[in-house]
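# Coordinate analysis (summary)
Given next are the chains, with one letter for each unit.
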Amino acid sequence: MPEHTRVLVVDTDDARATALTELLAPAGYQARHASSPNAPGWTPDVVVLSLDAVDAAAVARAAAATADAMLVVVTSAFVHSRARDALRLGARDVVARDAGGEALLIAVERAAEEGRDRRELAMLRARLGAEARDALVGASPGMELVRELVGRAAASHRTVLVTGEAGSGKSTVARLVHDLSDRRARPFVVARCDAPAAGNLEAELFGGAREGLLERARGGTLVLDEAGMLSRTLYGRISSMLTQGAGVGIDASRRPVDVRLVLTMRIAADEPMVDARELLGDRNALPIALPALRERRRDIPLLVQHFRRQLAPSGAVPAPLGPETMTPLLAHQWPGNVRELEHWVERIALAERATPMDPATAGQTVTAPGAEFAPFDAERLTLDALERRYILHVLSLERGHQSRAADRLGIDRRTLYRKLKEYRDDGVTIRAAG
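This one's a predicted model, so the numbers in the text were calculated from it and none came from an experiment. (Residues numbered from 1 in each chain as written. Predicted model: local features only at pLDDT ≥ 70, side-chain atom pairs only at ≥ 80, totals over all residues. Heavy atoms only, no water.)

Within the protein chain one finds 16 helices and ten strands. Taking all 434 residues of the protein chain together, the buried fraction comes to 43%. Put simply, 67% of the contacts in the protein chain that link residues at least 6 apart link residues at least 24 apart. Of the roughly 22,800 Å² of accessible surface on the protein chain, 51% is carried by carbon and sulfur atoms. (Helix = DSSP H or I, 4+ residues; strand = E, 2+ residues; numbered from the N terminus. Buried < 20%, exposed > 50% of the residue type's maximum accessible area, 1.4 Å probe, protein only. Contact = heavy atoms within 4.5 Å. Areas by Shrake-Rupley, 256 points an atom, 1.4 Å probe, with all protein chains shown as cover.)

Written out as C-alpha cells, the structure is:
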C-alpha cells in the first residue's frame, strides 16, 4: 500500500530533504520536497517535518496547514520535553534523526495507516449521516448513540450483536451495518433461527449436497435472526468456520470463510437486563442495544411524520398532526414499538384523515380528560413545545402530583423536576399537588 501513499518532506535544507525523499521512494512512497507545508496542487497523506530543533510555533503552523494529513516530526536532537510539545501540538510521531532510516519508515507507515483509517471513518460517517437518518429516525440521545454504534460496526469486521424488543428495528440496523460497510456490494443473507425449520438450521448453514447459507453469503454478511435460539455448540462451530475453516461441505481447502456475522436477538420488555454476548459465549461481539419506543417518546412525532411522508403521494409534504392527536400517541406504551406505530400511521392513511386516535383502541376516537389545547400554527409547533404541552397535560391529570406524573411519563423524577423548573423560569404557572 505504500505506492499509493503521498509523503511531503518539509525542510529548508535541500540536502536533508533529498536524503529523506531518497529513503522514502525505494520503499514505495510518492515523496516530494517543499520548504513549506502549503505545497500547491499536491495533497499529501503524510507530512514529514524536518527541524533541527522542534519549534512549537512551527509545529503548530504545520499541523494547521496539514489538517487532512498526518504529521511526523523529525528532529536532530530527541529531547523528551520537545517531543511532548510536538505531540501535543498535533504531530502523530516524533523521530530522532540519529535513530536511523528504519525508524522513520515505521513512523511514516503508522501515520499513513492511521490517516487511511480516519479518512475511511469520515467517509462512513458522511454516508451514515444521509442513510442512517432516513433508516433510523429520531433525535433522542438513545438513537444518536445507535447511529454512532452502527457507524463503528460498519467500519469494522467484528461480529455485531443487535438486541431489542420486538418491532424496535433490529432488522433495519442489521441491513444498515451491511449497506454502510465495504461489503455492501456482496450478498446479504438472512437465516431465521426461530423458524419452524430451525431444526435443520445446521444443514441450512453448512450445506452438504447443496450450497449452504454460509457459502452463499461468502464475501458479504450473514444475519442470524433471533440468535438467542442458537445453541452455544452450533454458534461455536459457525465461529470456527469463519476463523479456521473447520467445516463440512463448504471449502475443500478448509480455509476460513469470508463472512461478516450480524446477530439479532429479541429481548422481552419484562426480562431483566442480560449481557446477550454471554448467552452465546462471544465476548468479542460488538453490541448495539436498541431502545424501546416508550424510552424515546420525543422521537414519536418525528417517526409519525416520517411514516406519513412515506405514505403521501410523491412530492407531497403532509401537515404535522395536532397535539390533540399526538397526546394519546405520546402516552401510549407501544408494546410493538416502531413497527406498531408504523401500522397505526398506515391505518390513519387508509382512513384518509388524521383523527384523535388511541393506539390501544385501534380506531376509536379519544377525548382525553383535560386535553384542552389552544389554537396553534402546526407548521411552527416545535418538538419542545409539544413536549411541554404533553408534560403539563399529564401533570394536570395527576392533579399536580409530580412523582406520579413522572411515572406516567416514563421519565425519572429528576428529569421532570428539571423540566418544570425550566417552565417556571419561562413564566409558566404550575399548580402544586392538591
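Let's pick the thread back up.
If you walk across this open sheet you meet the five strands as S7-S8-S9-S6-S10, and the pairing is parallel. Each edge of the sheet is formed by a strand with only one pairing partner; in this case those strands are strand S7 (188–192) and strand S10 (286–289). Between one strand axis and the next, the sheet turns through 20° on average, direction left out of account. In terms of strand pairing, S7 meets strand S8 (residues 221–225) through five bridges, oriented parallel. The residue of S8 that forms the bridge with Ala191 is Leu224. (Pairing = 2+ DSSP bridges. Axes fitted to C-alpha atoms, helices over the stretch in contact; angles between N-to-C directions.)

With that out of the way, let us pick up the pattern of salt bridges. Two side chains bearing opposite charge may form a pair once their charged atoms approach each other closely. This model, assessed by the stated rule, comprises 15 salt bridges. Measuring nitrogen to oxygen at the nearest pair gives 2.7 Å for the salt bridge that ties Glu215 to Arg218. Overall, Glu215 belongs to the partly exposed group, its relative accessible area being 23%. With a shortest N-O distance of 2.9 Å, Arg296 and Asp299 are connected by a salt bridge. Taken as a pair, Arg296 and Asp299 share a single burial class, namely buried. (Salt bridge = Lys/Arg side-chain N within 4 Å of Asp/Glu carboxyl O.)

Across five bridges, strand S1 (residues 6–10) lies against strand S2 (residues 30–34) in parallel orientation. Bridging across to S2, Arg6 finds its partner in Gln30. Handedness of the S1-helix H1 (residues 14–24)-S2 crossover: right-handed. (Right-handed = clockwise from strand over helix to strand, strands pointing away.)

With that settled, the discussion passes to the packing of aromatic side chains. Under the criterion given, the structure shown has zero aromatic pairs. When the ring centre of Phe188 is taken as origin, the NZ or CZ atom of Arg175, which lies over that ring, is 4.3 Å away. One residue, Arg237, lies across the ring of Phe206, its end atom 3.8 Å from the ring centre. (Phe/Tyr/Trp six-rings, centres within 6.5 Å; stacked < 30°, edge-to-face > 60°. Lys NZ or Arg CZ within 6 Å of the ring centre and 35° of its normal.)

A positive phi angle, near 55°, is found at Glu226, a position not held by glycine. Locating Glu226 in the fold gives a position in the loop between S8 and helix H9 (232–244).

Our focus in this paragraph is the packing of helix H11 (residues 300–311) against helix H13 (residues 337–351). Look at H11 against H13: their axes get within 9 Å of each other, and the N-to-C directions meet at 50°. One element, H11, and the other, H13, form an angle in the oblique class. For the pair H11 and H13, the crossing hand works out as right-handed. Between H11 and H13, the residues in contact are Ile300, Leu303, Val304, Phe307, Arg308, Gln310 and Leu311 and Val338, Leu341, Glu342, Val345, Glu346 and Ala349, respectively. For the contact of H11 with H13, the class distribution of residues is nine nonpolar, one polar and three charged. (Parallel < 35°, antiparallel > 145°, perpendicular 65-115°, else oblique. Left-handed = near helix turned anticlockwise from the far one by under 90°. Nonpolar A, V, L, I, M, F, W, Y, C, P; charged D, E, K, R; others polar.)

Okay, the side chain of Ser181 next. Within the secondary structure, Ser181 is located in the loop between helix H6 (170–179) and S7. Given a relative accessible area of 2%, Ser181 falls into the buried group. Reaching out from Ser181, the side chain makes a polar contact with the backbone oxygen of His178 at a distance of 2.8 Å. (Polar contact = N/O pair within 3.5 Å; in protein donor to acceptor, adjacent residues only side chain to side chain.)

With that out of the way, let us pick up the nonpolar core. The biggest cluster of nonpolar side chains holds 27 residues, and the ones touching the most others in it are Ile300, Val304, Met326, Leu341 and Trp344. Every element with two or more residues in this core is listed here: H11, helix H12 (323–331), H13, helix H14 (383–397), helix H15 (402–409) and helix H16 (413–425). Among all residues touching Val304, those that are not within four sequence positions of it are Leu321, Met326, Leu329, Leu341 and Val345. Counting residues in each nonpolar core, the second largest holds 26 residues, with Leu201, Leu222, Ile238 and Val257 among its members. (Core = buried A, V, L, I, M, F, W, Y, C linked by side-chain atoms within 4.5 Å.)

Between its terminal C-alpha atoms H13 stretches 22 Å, which fits the 21 Å expected from 15 residues at 1.5 Å a residue. Restricting attention to buried positions, one finds in H13 the residues Asn337, Val338, Leu341, Trp344, Val345 and Ile348. Buried residues of H13 fall within an arc of 120° about the axis and therefore sit on the same side. Those residues of H13 that are buried are in contact with H11 and H12. (Expected span 1.5 Å × (residues − 1). Arc of directions from axis to C-beta.)

This prediction gives the protein chain a mean pLDDT of 76; 70% of its residues lie at or above 70. Between the elements of the protein chain, mean pLDDT differs from a low of 63, seen in helix H2 (residues 56–65), to a high of 94, seen in S8. This model gives residues 352–356 a pLDDT under 50, and the stretch forms ten contacts once residues within four places in sequence are excluded. Contacts from residues 361–379, a stretch scored under 50 in pLDDT, to residues over four places away or in other chains number 29 contacts. (pLDDT = per-residue confidence, 0-100.)

Quick look at the packing of H11 against H12 now. Interaxial distance between H11 and H12 falls to 10 Å at its minimum, and their mutual angle equals 115°. For the pair H11 and H12, the crossing hand works out as right-handed. Residues Ile300, Pro301 and Val304 of H11 touch H12, and the partners they reach there are Met326, Leu329 and Leu330. A class-by-class count of the residues in the contact of H11 with H12 yields six nonpolar, no polar and no charged.

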